[in-house]
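Architecture and fold: a report
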Amino acid sequence: MPRVCFTLQVRQDRLEEYRERHRHVWPEMRAALTEAGWRDYSLFLRPDGLLVGYLVTDDFDAAVAAMDATEVNARWQAEMGEFFELPAGDRPDTSMRPLEEVFHLD
């Protein structure tokens, strides 16, 4: 299964609240991610706000599209969008650009 890694930038003034929100991800959001094909999903946050996401999925574009079709994701994105430094009108879930994997060791 392909591995996907992406980065986003969390606003400096929202780091602690961002961490707190992710300690309590809604059960229905977790279930939707699993149903949409997100596996082994982790987020890592650097002190300067750099967020690194990692997941395993058969098809990243299809996994993102499946989440986009859920009501719970619309609610989550509406609440979480303000935490990120994004161009006007962009959402975090549509701003994830996979990085090129240049090395992997099993």
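Read on for a plain summary of the structure. Predicted model only: the values in this text are computed from it and were never measured. All residue numbers here refer to positions counted from 1 along the written sequence of the relevant chain. Two thresholds apply to this predicted model, a pLDDT of at least 70 for residue-level local features and 80 or more for giving and counting side-chain atom pairs, whereas whole-chain, interface and lining totals are computed over all residues. Side-chain metrics rest on all non-hydrogen atoms present in the structure, leaving aside hydrogens and water.

**Describing the sheet that holds strand β1 (residues 3-9)**
In this analysis, strands are considered paired if DSSP registers two or more bridges between them. Secondary structure elements are taken from DSSP: a helix is a run of H or I of four residues or more, a strand is a run of E of two residues or more, and numbering for both begins at the N terminus. In space, the three strands of this open sheet follow the order β1-β3-β2, with antiparallel pairing throughout. In this open sheet, the two edge strands, each paired with only one partner strand, are β1 and β2 (39-45). Each strand of the sheet is rotated relative to its neighbour by a mean of 15°, with strand direction disregarded. With seven bridges joining them, β1 and strand β3 (residues 50-56) adopt antiparallel strand pairing. Pairing of C5 across the sheet is with Y54, part of β3. In the packing of helix α1 (residues 15-23) onto the sheet, the strands contacted are β2 and β3, and the crossing angle to β2 comes to about 160°. Angles here are taken between N-to-C directions and fall from 0 to 180 degrees, while the axes themselves are lines fitted to C-alpha atoms, restricted in helices to the stretch in contact. Residue contacts are defined here by distance: any two heavy atoms, one from each residue, within 4.5 Å place the two residues in contact.

**Concerning the nonpolar core**
Ranked by size, the top nonpolar core spans 25 residues in total, and within it Y18, M29, W38, F60, M67, F84 and M96 carry the most contacts. Of all elements in the fold, only β1, α1, α2 (27-35), β3, α3 (60-68) and α4 (71-80) reach the threshold of two or more residues within this core. Looking at this core element by element, the count peaks at four residues for α3. Leave out the neighbours within four places in its chain, and F60 touches V4, W38, L55, M96 and P98. Nine residue types can take part in a nonpolar core, namely buried Ala, Val, Leu, Ile, Met, Phe, Trp, Tyr and Cys, and a core is a set of them joined through side-chain atoms within 4.5 Å. Relative accessible area decides the class of each residue, using a 1.4 Å probe on protein chains only: under 20% of the type maximum gives buried, over 50% gives exposed, and in between gives partly exposed.

**Describing the layout of surface pockets**
Any empty space left between the atoms is revealed when a probe the size of a water molecule rolls over them. Reported here for the largest pocket is a volume of approximately 620 Å³. Note on definitions: the grid is 1 Å and covers protein atoms alone; a cavity is a set of points where a 1.4 Å probe fits but cannot get out; a pocket is an open set with protein on both sides within 12 Å along at least five of seven lines; lining residues have an atom within 4 Å of a point. Lining the largest pocket are 29 residues, with H22, L33, Y41, L43 and W76 positioned closest to its centre. For the lining of the largest pocket, the leading source of residues is β2, giving seven residues. The class makeup of the residues in the lining of the largest pocket is 19 nonpolar, five polar and five charged. Grid points are joined across faces, edges and corners, and a volume is the space filled by probe spheres set on the points. All amino acids are sorted into three groups, where Ala, Val, Leu, Ile, Met, Phe, Trp, Tyr, Cys and Pro are nonpolar, Asp, Glu, Lys and Arg are charged, and the leftover types, Gly among them, are polar.

**Things to note about the environment of W26**
Within the secondary structure, W26 sits in the loop between α1 and α2. Sequence-wise, W26 and T57 are 31 residues apart; in three dimensions their C-alpha atoms are separated by 21 Å.

Note that every value here comes from positions in space, so none of it alone points to a role or purpose.
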